[in-house]
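# Analysis of the macromolecular model
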2 protein chains.
Amino acid sequence: MADIRNPNISRLAAGYLFPTIGKIKREYIAANPDKKIISLGIGDTTEPLPAPVAKAMSDYCLALGTVEGYSGYDPPIEADVKELVAKVMYPQASIDASEVFISDGSKCDLGRLQWLFNGAAKVAVQDPAYPVYVDSSVMFGRSGDIDDATGQYDGVTYMPCTPENDFFPDLSPAKDCDMILFCNPNNPTGACASRAQLESLVAFALENSIIIVYDSAYAPFIQDPEIPKSIFEVEGAKRCAIESSSLSKLAGFTGVRLGWTVVPKELVFKGGESVGKDWGRIMGTLFNGAANVAQAGAIAALSNMEETTALVTHYMGNAKIIRETFEGLGLKCHGGTNAPYVFVHFPGQDSWDVFKEILEKVQVVTTPGAGFGPAGQGFVRVSGFGHRESVLEACERFKTMWS
Amino acid sequence: MADIRNPNISRLAAGYLFPTIGKIKREYIAANPDKKIISLGIGDTTEPLPAPVAKAMSDYCLALGTVEGYSGYDPPIEADVKELVAKVMYPQASIDASEVFISDGSKCDLGRLQWLFNGAAKVAVQDPAYPVYVDSSVMFGRSGDIDDATGQYDGVTYMPCTPENDFFPDLSPAKDCDMILFCNPNNPTGACASRAQLESLVAFALENSIIIVYDSAYAPFIQDPEIPKSIFEVEGAKRCAIESSSLSKLAGFTGVRLGWTVVPKELVFKGGESVGKDWGRIMGTLFNGAANVAQAGAIAALSNMEETTALVTHYMGNAKIIRETFEGLGLKCHGGTNAPYVFVHFPGQDSWDVFKEILEKVQVVTTPGAGFGPAGQGFVRVSGFGHRESVLEACERFKTMWS
């Protein structure tokens, strides 16, 4: 067979993080069939869809079985989804529906976003960060090999987010980069940048001709009313940022699949070409629309925000319980107040060792911070996504470990 | 802003074909609000979902609103979908469920497939062909500029499929290529390669170390029992082919979104690396699963094949009516017997002119053959996807045009 393998795939240091953790979990269960595992690992939603959402989706499916209710490509309801996303998710940012591109999720859009930029475009990421940013950049050829000593890829700029800088990075190493992939509130640290910090990010991007790819999947979890829920609430951001988000965490759509990317009309390349126009061409060629049923669900979720945000309240309640548990045990932790993740610090220890120790001693699955990048070393991410009784039980088990 | 535009986007000669046609249609309607348009253009399904499919999806959605029925990432039913695809869609080809990768559609997979191969890998396509093959290859950087005289991109090998070669191309120009993108039954010509022709394709690929990317989205429309419904029914294909397909046309899932790609275990790169393993890494990083509701629908569609194939029978009935109408008018046409498309020949005329003439004179939307590639010039594709009464009405209108 021809030697046409994408060489960048072989640069990837390891399997994608979450399947790797899933594998360790399954192996543990196989070896210990009598143990009862609690998963606070992958960050997967657990609570049922809000009743009006399930009902609307169910009705929509029945209608697809009728001549009047059937539709094929480009469901006519997509226009309503765009309108609702613009109105409900960006009340402060004046986003027009024509700037909203509906998709099957933020992760998928982040992969497709690689097509928007030339191969030489350089990437900067928060460290630690959601693995897709780096992995997709490596796969597209934006990096050299990994440095085994540091766990960092050549050609990718890592901006450490640590307790020392309150998890908002020194941006200066990204000065010569072309893109900054920025997740706020952050996964995995649970930290959330303030308005002033976001203003400094936008000013830096404008000054250095950098495009910010802003991941706001966790924005609905922000409790502090002073913190912007979209980068576009910051003056100037429409000239330097793209924002990607989804209903996965807000409305429990991890399995239903519905996300979007906002590309402002003002955003242009150096040559003056519209970024949104290119994005439309990419989406039109490489994608064929979010599932119509998911779009029907999105309309219901965004039209019944009281029921939808009850899910957020539930998960944030879990995060509070987790955070208070670890604090009560004298462990230092971060996040959990404007994000559903609690980032627990075990200074001097290896993340994977702590992860394995927790799994083996009390059968709770977490996520090793080092899996998100070198600066995550010494941390473990504990997810607030779970049934309340599971979280309470996990916290009881944590108490047996460290008290 | 930084000059990081993907330069390959600007190489694209025009908008993606179907939105372009949609725009012309909308403009015509705006200018002629009293005219009644019939669309036999884009190839979009029109008949309701089979009753058991709509019911299963509806029930699944209601269950997502309950604690017991809810699931998030990686719906547990995906294993069943893989099993059913392997069993129901590949009864002659011995495909294992582990070789089936479920997705949100064949078009989306064809885009992601670009990531599997290095940038130097050269592409050959049937001409005419589904525009995504060439457009995604151009966007990924596998071509030079378009030659305005021929309408062909430098660096892409076009294999003309014409009445003269019975729409099965001379493969020899692809000798030095690395991939052949091959659609069978073909969109847009409606032609279908025979077993002997497919055997010659596989032999050619093996001999020249080429990977065949085989698009079998229209395979369920094959009526001739002698023609393979999968490339994997041909000896040796598992060592040189990937196959992508979907429920869009078979089960009316154009809006529901469910497809798959089969990557056989035997398929390896020159260095011996498993293609399937790389594909798994790509799907795991750039994708997050097909909508769970679509997967529930897929299980119902593949478990109730009598109801599902009734849709195929309906559309093939339309294709027969269309073909007989044009033949009765003394026009030469192809396809329509093993595929839902009829490719009507207007020798010496421009496809776009004929397309516009049909729209303006009798208000039927078709698709210009030249939109699928240079060799489509002089043809118009008429789709069998439509309600029966619309097809009958369109055929009456065609008769007023040419009789």
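On a predicted model such as this, the values are computed, not experimentally measured, just so you know.

### Some points on the overall build of chain A
- Helix and strand counts for chain A come out as twelve helices and 15 strands.
- Rg of the C-alpha trace for chain A: 21 Å, near the compact-globule value of 22 Å for 403 residues, within the 12% margin.
- The dimensions of chain A, computed from C-alpha atoms along their principal axes, are 55 × 55 × 50 Å.
- A burial count over chain A gives 58% of its 403 residues as buried.
- Looking at chain A alone, contacts between residues at least 24 apart form 73% of all its contacts between residues at least 6 apart.

### What to know about the sheet that holds strand β9 (residues 241–246) of chain A
Residues and elements named next belong to chain A.
- Read across the sheet, seven strands follow the order β2-β10-β9-β8-β7-β3-β6 without closing on themselves; strand pairing throughout is mixed. The open sheet terminates on both sides in strands that have one partner only, identified here as β2 (100–103) and β6 (156–160). Direction aside, neighbouring strands of the sheet carry axes that sit 20° apart on average.
- The sheet contact formed by β9 and strand β10 (residues 259–262) spans four bridges and is antiparallel. Across the sheet, the residue bridging to Ser244 is Thr261, located in β10.
- Along the sheet, helix α4 (residues 78–89) makes contact with β2, β9 and β10, crossing β2 at roughly 115°.

### Some points on the interface of chain B and chain A
- Counting residues at the interface gives 73 residues for chain B and 73 residues for chain A.
- A per-element tally of the side of chain B that touches chain A places helix α3 (residues 51–64) of chain B first, with seven residues.
- The class makeup of the residues in the side of chain B that touches chain A is 39 nonpolar, 21 polar and 13 charged.

### Thoughts on the relation of the copies chain B and chain A
- Expressed as a screw transformation, the operator carrying chain B onto chain A has a rotation angle of 180° and an axial translation of 0.0 Å, and the superposed copies differ by an RMSD of 0.0 Å. Classification of the inter-copy transformation places it as that of a two-fold axis. Closest approach to the rotation axis among the C-alpha atoms of chain B is made by Ser58 of chain B, whose C-alpha sits 2.0 Å away.
- Here 100% of the interface residues in chain B have copies in chain A that are interface residues too; the copies meet face to matching face.

### Observations concerning the sheet that holds strand β11 (residues 333–335) of chain A
Residues and elements named next belong to chain A.
- As summarised here, the arrangement of the four strands in space is β11-β12-β15-β14, forming an open sheet in which the pairing is antiparallel. Of all the strands in the sheet, the pair left with one neighbour each is β11 and β14 (367–368).
- Relative to strand β12 (residues 341–345), β11 runs antiparallel, the two being bridged by three bridges. Counterpart to Cys333 in the pairing with β12 is Val344.
- Docked against the sheet, helix α11 (residues 351–362) engages β14 and β15 (379–383), running at close to 45° with respect to β15.

### So, the domain arrangement of chain A
Residues and elements named next belong to chain A.
- One can read the domain layout of chain A as domain 1 (10–48 + 306–402) and domain 2 (54–303).
- Between domain 1 and domain 2, the C-alpha centre-to-centre distance is 24 Å.
- Across the contact, 31 residues belong to domain 1 and 40 residues belong to domain 2.
- Of all the secondary structure elements, the ones that give two or more residues to the side of domain 1 that touches domain 2 are α10 (305–328), β11 and β12.
- When its residues are assigned to classes, the side of domain 1 that touches domain 2 shows 15 nonpolar, twelve polar and four charged.

### Observations regarding the pairing of β12 of chain A
Residue and element names in this part refer to chain A.
- In terms of burial, β12 is a largely internal element, four of the five residues being buried.
- Following β11, the chain reverses through five residues before pairing antiparallel with β12; Gly336 in that reversal takes a positive phi of roughly 85°.
- Across five bridges, β12 lies against β15 in antiparallel orientation. Within β15, the residue paired with Val344 across the bridge is Val380.

### With respect to the nonpolar core
- Counting residues in hydrophobic clusters, the biggest one holds 275 residues, and the most contacted among them are Met179, Ile212 and Val293 of chain A together with Met179, Ile212 and Val293 of chain B.
- Residues contacting Ile212 of chain A, with those up to four places away along its chain left out, are Ile180, Phe182, Leu201, Ala205, Ile231, Cys240 and Ala241 of chain A.

### Comments concerning the pairing of strand β8 (residues 211–215) of chain B
Residue and element names in this part refer to chain B.
- By the criterion of burial, β8 is predominantly enclosed, with five of the five residues buried.
- Every second residue of β8 is oriented toward a common face, with Ile211, Val213 and Asp215 on one face and Ile212 and Tyr214 on the other, all of them buried.
- As paired strands, β8 and strand β9 (residues 241–246) are joined by four bridges and run parallel to one another. Across the sheet, the residue bridging to Asp215 is Ser244, located in β9.

### Points about the environment of Val263 of chain B
Residue and element names in this part refer to chain B.
- If you trace the backbone, Val263 turns up in the loop between β10 (259–262) and α8 (275–286).
- Residue Val263 is classed as buried on the basis of its 25 C-beta neighbours within 10 Å.
- C-alpha of Val263 to C-alpha of Glu47: the two residues are 216 residues apart in sequence and 31 Å apart in space.
- Residue contacts for Val263: discarding those within four places in its chain leaves Glu99, Phe101, Ile242, Val275, Gly276 and Trp279.

About the criteria used
Residues numbered from 1 in each chain as written. Chains lettered and ligands numbered in written order. Predicted model: local features only at pLDDT ≥ 70, side-chain atom pairs only at ≥ 80, totals over all residues. Helix = DSSP H or I, 4+ residues; strand = E, 2+ residues; numbered from the N terminus. Rg over C-alpha atoms; globule rule 2.2 N^0.38 Å. Buried ≥ 20, exposed ≤ 12 C-beta atoms within 10 Å, placed from the backbone. Contact = placed C-beta atoms within 7 Å. Pairing = 2+ DSSP bridges. Axes fitted to C-alpha atoms, helices over the stretch in contact; angles between N-to-C directions. Nonpolar A, V, L, I, M, F, W, Y, C, P; charged D, E, K, R; others polar. Least-squares fit on C-alpha atoms with pLDDT ≥ 70 in both. Domains from an automatic or database assignment. Core = buried A, V, L, I, M, F, W, Y, C linked by C-beta atoms within 7 Å.

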